[in-house]
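# Close look at the chain arrangement
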Amino acid sequence: MSHHSLQRALVVALHDPAFVAGLHVDPETALAPFRLEPAERAQLLAVDPRAFAVDRLRPRRVLKAIAPELQASMAIALAETRSFATADRFFSSPAFHGAILHDQPLVLALADYLAAAGLTTPQLPGVLAIERACAESRRDAARRPGPGLSLAPGIRLLASDTGALAALQAAEQHLFELSLLPHMALCDDRPPLALPPPGGTPIYLAVRAGELSDLPEPLFRTLHAIENAATRAPVRRGDMAAILAAINLRVPDPEKLAADLLADGYLTEG
Amino acid sequence: MLAALPRLGVGISAEFDSSRRGIDALALRAAEPGLIDFLEYGCDLARGLDDHARRWAAAGLPATYHFLDLNLTEPLDADDGWLAATGALARELGAAWLCGDGGLWHFGPRDRGHETLLPPVLTRDSAAEMAEAIRRVAEATGLAVLPENPPAPIYLGDLHILDYFALVAEGSGGGLLLDCAHLAIFQRMMGHAPLTGLDGLPLDRVIEIHVAGGVMRDQEGFAWVEDDHQVEPLPDTWEIFEHVAARAQSLRAVVYECEKNPPDQVTDNFRRIRATLGWSSASRASE
């Protein structure tokens, strides 16, 4: 119903001063994505622009709610730009507007924003991939699985490297130390964020309800192959031999492997 | 369902961890016998009951549960998981009913800690959806659900907020929670007198009333009211409360939302509320 579109436009206006400014300069363009009725457009345009800004901390509260799941990535991003405007600009980004328009999780929108922000710190992509996988995993936990064998709800697979994991841990440790005395943020001699070098040894991660664990490479490859196969058609236990053969893995009893992966909670069978 | 609801009397609000810095309702009750009868506890499922609410429940005292994580304007937001967990939490608290602002507590999927309250767009379609959501929650939890008129600096839609909630009550067949402070905010923001539109609200559906402090603010010359729950309600809030209290024949509960303040600063307003209602703790117990 149309009032939901008006509600979405209001949400964007309450968080994005640039949108409010555009609303009065070029309302056609600013409001085009919301497809409002003429009367709804008129209602929104009739609002005193100052009213959108009365709660100046509203965007900060949203960031406070969503940033903890991407805390290392945010730390790396802000350490690079040394400007909080980097965080504030999230609300003017296509990622935020798109999330509001399409009812998507804001955490994932923030991850998309950081990924597209043109940042150059080499550790950021790896750290962001890990934190994003954790965020996706938490939101996937309640998924109702489809027919056949598939990754269990809440499981995400991620190929990464030891450098990304170390950078994630370094950023988290840095934030912990700052949190001991937030007054440090006021000081020019506050400790800098020191990240270990990027790269390192490949590692294969499974994220289960937001928790990371290391997987042997063959197991990672197996789960990945099942995940891919399940996107094409329901996977039966009898399909396991072919799936394993396609990735050049040989196991004595593929169906028993499937049973073991089900028992370990990596797979589900619908 | 409404006729069977108990009269809870005069209550105090609490939110997760609010008693650590604000008012401990059990301590206030002990220090000022007859001042408060029940606790209205507000939280989301991510946080659940705090020690304060558990102690209140353990004492066997009356309570209501105010959810802070349901978009009551979106019937599907009350998914099976939320319904089951909220029903269980309310039972653990011993809640006589559920209530919550009729609006949006989150954007997109429910997530941790959003709590960014927005009012509904005030249209007939939206009111019909809220009524459907209320019926759904009430049916699943077995508890009455009282929608509350929310505060905001901006309201969109073609209806007066009281006409909107009159439609919600008609569609849900249920009761209403009238927040007098929030209504005072709406009336000021829309340029209405405090009592405008109350003749269109079915006052016999008003089961609960909220009274709370607010303060006038200025944003670059734009005057607005912040619903800050400080001690002193605006004069408009008192005017609305006194008008409605005298006419709401089904009224069962009044909450003074003051949990963040020093206890000694709120007692006079509790007494003023009691005097207006003519409700004493003793008379409540005898009913």
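Parameters at a glance
Residues numbered from 1 in each chain as written. Chains lettered and ligands numbered in written order. Predicted model: local features only at pLDDT ≥ 70, side-chain atom pairs only at ≥ 80, totals over all residues. Heavy atoms only, no water. Helix = DSSP H or I, 4+ residues; strand = E, 2+ residues; numbered from the N terminus. Buried < 20%, exposed > 50% of the residue type's maximum accessible area, 1.4 Å probe, protein only. Contact = heavy atoms within 4.5 Å. Areas by Shrake-Rupley, 256 points an atom, 1.4 Å probe, with all protein chains shown as cover. Lys, Arg positive; Asp, Glu negative; His and termini not counted. Charge placed at Lys NZ, Arg CZ, Asp CG, Glu CD. Disulfide = S-S within 2.5 Å. Pairing = 2+ DSSP bridges. Salt bridge = Lys/Arg side-chain N within 4 Å of Asp/Glu carboxyl O. Polar contact = N/O pair within 3.5 Å; in protein donor to acceptor, adjacent residues only side chain to side chain.

This part takes up the overall build of chain A. Scanning chain A from terminus to terminus reveals 14 helices and five strands. In terms of overall dimensions, chain A has C-alpha extents of about 70 × 55 × 25 Å along its principal axes. Across the 270 residues of chain A, 43% fall into the buried class. Across chain A, every contact between residues at least 6 apart in sequence was considered, and the portion connecting residues at least 24 apart equals 68%. About 13,400 Å² of surface is accessible on chain A, with carbon and sulfur atoms providing 57% of the total. Taking the average place of the 25 positive charges on the side chains of chain A and the average place of its 30 negative ones, the gap between the two points comes to 3 Å.

Moving on to the state of the cysteines. Enumeration over the complete set of coordinates arrives at zero disulfides over all chains. Of all cysteine sulfurs in the structure, the one in Cys180(B) sits closest to Cys258(B), which takes part in no disulfide; the separation is 14 Å.

Time to look at the pairing of strand 3 (residues 202-208) of chain A. All names here are of chain A. As judged from the seven bridges shared by strand 2 (residues 155-161) and strand 3, these two strands associate in the antiparallel manner. Note on strand 3: the bridge partner recorded for Arg156 is Val207. Strand direction decides the pairing type here: strand 3 and strand 4 (residues 211-214), joined by four bridges, are antiparallel. Paired with Ala206 across the two strands is Ser213, which belongs to strand 4. With antiparallel pairing between neighbouring strands as the criterion, strand 3 and strand 4 make up a hairpin whose turn holds two residues, including Ala209 at a positive phi of roughly 50°.

Residue and element names in this part refer to chain A. Backbone geometry places Arg35, a non-glycine residue, at a positive phi of 50°. Residue placement: Arg35 occurs in the loop between helix 3 (27-31) and helix 4 (38-45). In the Ramachandran plot, Asn248 falls in the positive-phi region, its phi being about 60° despite a non-glycine side chain. By the element assignment, Asn248 lies in the loop between helix 13 (240-246) and helix 14 (254-263).

This next bit is on the pattern of salt bridges. Evaluation of the coordinates by the stated rule reveals 29 salt bridges over all chains. A salt bridge links Asp140(A) to Arg143(A); the shortest N-O distance between them is 2.6 Å. Assessed through its relative accessible area of 8%, Asp140(A) is described here as buried. Of the charged contacts, one joins Asp51(B) and Arg55(B) as a salt bridge, the two residues approaching to 2.9 Å between their closest N and O atoms. Taken together, the positions of Asp51(B) and Arg55(B), both in helix 3 (residues 51-58) and four residues apart, correspond to about one turn of that helix. Salt bridges linked by common partners bring Asp112(A), Arg132(A), Glu136(A), Asp140(A), Arg143(A) and Arg156(A) together as one network.

Another point: the interface of chain B and chain A. At the junction of the two partners, chain B supplies 30 residues and chain A supplies 31 residues. There are zero salt bridges connecting chain B and chain A. Where chain B touches chain A, the interface holds seven residue pairs in polar contact (both at pLDDT 80 or more). Put simply, the parts of the chain that give the side of chain B that touches chain A at least two residues each are helix 5 (124-141) and strand 9 (222-226) of chain B. For the side of chain B that touches chain A, the leading source of residues is helix 5 of chain B, giving three residues.

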